[in-house]
Each structure stands twice: as structure tokens, then as C-alpha cells.
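Take a look at the letters that make up each chain.
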Amino acid sequence: MTLPNTMKALEKSRPEQGLHMVQAPVPEISPNEVLIRVKKTGICGTDIHIWNWDAWAEATVPVPLITGHEFAGEIVEIGKEVTGLQIGQRCSGEGHLIGTQSRQSRAGNFHLDPGTRGVGVNVQGAFGEYLKLPSFNVVPLPNNIPDEIGAILDPLGNAVHTALSFDLLCEDVLITGAGPIGIMAAAVARFAGARRIVITDINADRLKLAEHVVPDARTVDVTKEDLHDVIKELGMKEGFDVGLEMSGSQAALDQMVEAMVMGGKVALLGIPPGKSPVDWSRIVFKAIMIKGVYGREMFETWYKMISMLQNGLDVSRVITHRFHVDEFHKGFETMKSGSSGKVVLDWEG
Ligand code: ZN
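Quantities reported herein were computed from a predicted structural model and do not represent experimental measurements.

1. Some words on the overall build of the protein
Link 1 in the chain: In terms of regular secondary structure, the protein is built from twelve helices and 18 strands.
Link 2 in the chain: By its C-alpha atoms, the protein is 65 × 40 × 35 Å across when sized along the principal axes.
Link 3 in the chain: The 349 residues of the protein split such that 54% are buried.
Link 4 in the chain: Sequence separation of 24 or more characterises 69% of the internal contacts of the protein that already satisfy a separation of 6 or more.
Link 5 in the chain: Here the protein has roughly 15,600 Å² of accessible surface; of this, 52% comes from carbon and sulfur atoms.
Link 6 in the chain: Here the protein contributes 33 positive and 43 negative side-chain charges, whose respective centroids are spaced 2 Å apart.

And the structure:
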């Protein structure tokens, strides 16, 4: 198969709002990389920060850069030193490119390598017809996982990594933040055998989507209902055993700490804007264990989520919108509305 020299790609071309559709060179791979023909991509909250060109994006993202990091596609070229992968293999992949010299990396904790660079954030990304990726980062897709689910394995991985931070079997779980990752975390908690699952937000559209994806989760609009009333209504005596904070909201974290059982366990994925005040004495006196969550474990999280998807975990309904990439403006507008689930862009045809 002869590859073209140039490709369509969505690029942050200038240090300003928006992305541009450009013709870019097809990436050249080195001996340990593969070239992937991208078929579907997901739009991430991170991509919205990059689109908006906020202070974080300005300080982090080099320009010009092809953005995007949530993808599924097919391997079309293989570097000389790559073993174990074939042309035609359907795949997704880990978008964190790690070094091998740090203490954590050498201990096998690849996701904790401090020198990590992000596909579509620090280096050329997946919003293009072709993507080059180290073979190490490639995750083959089984035939029964479709491309559009492959394209959301990155955020599903965040949800799985966070949700499986603590044992959930028969535990009461509180999730604050009903964005796509919070909703997928609720689905994972259900799959992993949690007892009661409560998910909070201040956005009615998102709570409706949460009910659609995880029908037996109790949704709470905290602008209308008090979490303590819900705890009583559900017949819970002491509070939640496990908390998954997915919103980055100070108010949500405060509510969570108050609603936890003594000695409860909390995993934090949501990123607060700037420094936010924390009532540490409350956390100390309730003996709460807190874990910060970053990315996905390479590759344990991927192993678990693919196994769960093959055994009945269904997150397909979290994808609410699909656009051809030529309509990327609509995709980003939909994401920015704040009331969608995952938005997937189609790069074929
Ligand atoms: Zn993402």
C-alpha cells in the first residue's frame, strides 16, 4: 500500500482560539514506531481547553500542533524494530509517551513517569488521518470492540483507573460530577459490584444522561436536593464508603467529605481551577484516605477495561453525538455546550 504524502489534520495553527483544518505531512515513523490510519476520534475536555486557548493551554501547548489524543484506527506501517504487531491490526493506544529513566518508570510504574509527554498536547496528536505512535503505546482492539468505543478508551481508562482505586464490592459509592467520565465511572462501579451508586451534578442534562447510561444509579441535582436527605432516603446509616470526585468543584469536594463514612476512601480525578481551600481538619478527623489519580495505569487499566467491555460493561450510550470531521466546528460547539456526552469525530469517507 502506498501512503500519501499529506493528510487532513486539525491543527492549533496560531496562539489564539479555535483549530484549523490543514494539509499536513504524513508523519514519518522511526524503527520502534507504527503509523496508524485514524478512523474515529473523541473530543476531550483537554481539547476544549486547547480550542479556547486558556492560560493552561498557552503555557503547555507548542504552536503549531495537531491536537487530539482519543482515537481508534488501524496500523498501516510498522517500524523495522517493532515486533508483535501486524499491518491491518485495529488499535487504540495510550497517549502518554513515557521515558524509561525515572525511578517510577524503572519500577514499572510507567504512568508515574515525570517526563511524560502527551500526544496532542505536547507532541503531534491524533486529530489527523494518520498518527505515529511508539509500538509500546499501541493497544490492539479485539474484534468485538467497535472503533467508536476504541476512540473513547482513553477517558474510559480515566474512569476505570479512578473507580478501581478502591474495592467497590457491596460498597456505597458517591460520584461527584456527571460528565462523561463520572458517568462511565458509575457504570464501572455498577459492573464492579457496588451496592448504592449516587452521582451528583448541577447540570440537569448530564444527570439525565447518567440515568440513561446507568439506570439504577441515584442522580442528585445538588441545586435542588440535599445529599443528606438522599442518604436518609436510601436508608444509609453512616455515609458513603468510597467517593470518586470527578468535577474539580470545591463545593462538590466539601459535600463529599461531609457525606463520607468515617475512614472512607476518596479518589480525586477532577482538577480544581487554581488553588482551592480544603477543610483539612475535617478530613483528618474523619480519617479519610485520599488518592490523586492521573491518567491510566500502563497497561493494567487497559487490560481491565477491555476485559470488562468484553464481559458486559456497556458505555456506548455515553456517546451522544457523532460528526464527520469536516463538521468539527459542530463537534466542538456541542462539547462546549456542556450538556453532551462524548462527541466522536469520524475520519473516514
Ligand atoms: Zn482525553
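2. Focus on the sheet that holds strand β2 (residues 20-25)
Link 1 in the chain: Judged by pairing direction, the sheet is antiparallel, and its three strands sit side by side in the order β2-β1-β4 without closing on themselves. Looking at the sheet topology across the chains shown, the edges are occupied by β2 and β4 (65-66).
Link 2 in the chain: Summarising the sheet, strand β1 (residues 6-12) and β2 pair through six bridges and their orientation is antiparallel. Across the sheet, Met7 pairs through a bridge with Ala24, a residue of β2.

3. What to know about the side chain of Thr219
Link 1 in the chain: Checked against the element boundaries, Thr219 lands in strand β13 (residues 218-221).
Link 2 in the chain: A distance of 2.4 Å separates the side chain of Thr219 from the side chain of Glu211, its partner in a polar contact.
Link 3 in the chain: Those residues in contact with Thr219 that lie beyond four places of it in its chain are Ile199, Leu207, Ala210, Glu211 and Glu225.

4. Here we look at the packing of helix α5 (residues 153-163) against helix α11 (residues 300-310)
Link 1 in the chain: The contact between α5 and α11 brings their axes to 9 Å, and the two run at 100°. Classified by the interaxial angle, the pair formed by α5 and α11 is roughly perpendicular. Here Leu153, Asp154, Leu156, Gly157, Val160 and His161 of α5 come into contact with α11, specifically with Thr301, Trp302, Lys304, Met305, Met308 and Leu309.
Link 2 in the chain: For the contact of α5 with α11, the class distribution of residues is seven nonpolar, three polar and two charged.

5. Side note on the nonpolar core
Generally speaking, nonpolar side chains in soluble globular proteins are found buried as a group.
Link 1 in the chain: With 49 residues, the main nonpolar core has Leu156, Ile175, Leu244 and Val315 as its most contacted residues.
Link 2 in the chain: Looking at this core, you find at least three residues from each of domain 1 (6-152 + 315-346) and domain 2 (159-292).
Link 3 in the chain: Among residues more than four places away in sequence, those in contact with Val315 are Ile149, Ile152, Leu156, Met184, Ala187 and Leu309.
Link 4 in the chain: Of all hydrophobic cores here, the second largest spans 38 residues; its members include Val22, Leu85, Leu97 and Val123.

6. What to know about the domain arrangement of the protein
Link 1 in the chain: Splitting the protein by domain gives domain 1 (6-152 + 315-346) and domain 2 (159-292).
Link 2 in the chain: Centre-to-centre, using C-alpha coordinates, domain 1 lies 29 Å away from domain 2.
Link 3 in the chain: Contacts between the two partners involve eleven residues from domain 1 and, on the opposite side, eleven residues from domain 2.
Link 4 in the chain: A combined buried area of about 930 Å² lies between domain 1 and domain 2, and 70% of that area is made up of carbon and sulfur atoms.

7. A look at the pattern of salt bridges
Link 1 in the chain: Scanning the model with the defined rule gives 20 salt bridges in all.
Link 2 in the chain: For the salt bridge of Arg90 with Asp147, the shortest nitrogen-to-oxygen distance reads 2.9 Å. Placement of Arg90 in strand β6 (residues 90-93) and of Asp147 in helix α4 (residues 147-150) is noted, with a sequence separation of 57 residues between them. Asp147 shares its class with Arg90; the two are buried.
Link 3 in the chain: When salt bridges with common partners are traced through the structure, they connect Lys39, Glu74 and Glu348 into a single cluster.

8. Regarding the coordination of the zinc ion
Link 1 in the chain: Of the protein atoms, only Cys44 (SG), His69 (NE2) and Glu70 (OE) coordinate the zinc ion, at distances of 2.1 to 2.4 Å.
Link 2 in the chain: Each donor residue of the zinc ion lies on the same chain, and together they follow the pattern C-x24-H-E. The residues His69 and Glu70 share a single accessibility class, namely buried.

9. Focus: the pairing of β6
Link 1 in the chain: Here β6 shows two buried faces, one formed by Arg90 and Ser92 and the other by Cys91 and Gly93.
Link 2 in the chain: Pairing of strand β5 (residues 70-78) with β6 involves two bridges; the strand directions are antiparallel. Bridged to Glu74 within β6 is Arg90.
Link 3 in the chain: Judged from the three bridges that link them, β6 and strand β10 (residues 138-140) form a sheet pairing that is antiparallel. Looking across to β10, one finds that Gly93 is bridged to Val138.

Conventions we followed
Residues numbered from 1 in each chain as written. Predicted model: local features only at pLDDT ≥ 70, side-chain atom pairs only at ≥ 80, totals over all residues. Heavy atoms only, no water. Helix = DSSP H or I, 4+ residues; strand = E, 2+ residues; numbered from the N terminus. Buried < 20%, exposed > 50% of the residue type's maximum accessible area, 1.4 Å probe, protein only. Contact = heavy atoms within 4.5 Å. Areas by Shrake-Rupley, 256 points an atom, 1.4 Å probe, with all protein chains shown as cover. Lys, Arg positive; Asp, Glu negative; His and termini not counted. Charge placed at Lys NZ, Arg CZ, Asp CG, Glu CD. Pairing = 2+ DSSP bridges. Polar contact = N/O pair within 3.5 Å; in protein donor to acceptor, adjacent residues only side chain to side chain. Axes fitted to C-alpha atoms, helices over the stretch in contact; angles between N-to-C directions. Parallel < 35°, antiparallel > 145°, perpendicular 65-115°, else oblique. Nonpolar A, V, L, I, M, F, W, Y, C, P; charged D, E, K, R; others polar. Core = buried A, V, L, I, M, F, W, Y, C linked by side-chain atoms within 4.5 Å. Domains from an automatic or database assignment. Buried area = accessible area lost by both parts, 1.4 Å probe. Salt bridge = Lys/Arg side-chain N within 4 Å of Asp/Glu carboxyl O. Donors = N, O, S within 2.8 Å, 3.2 Å for Na, K, Ca; no water.

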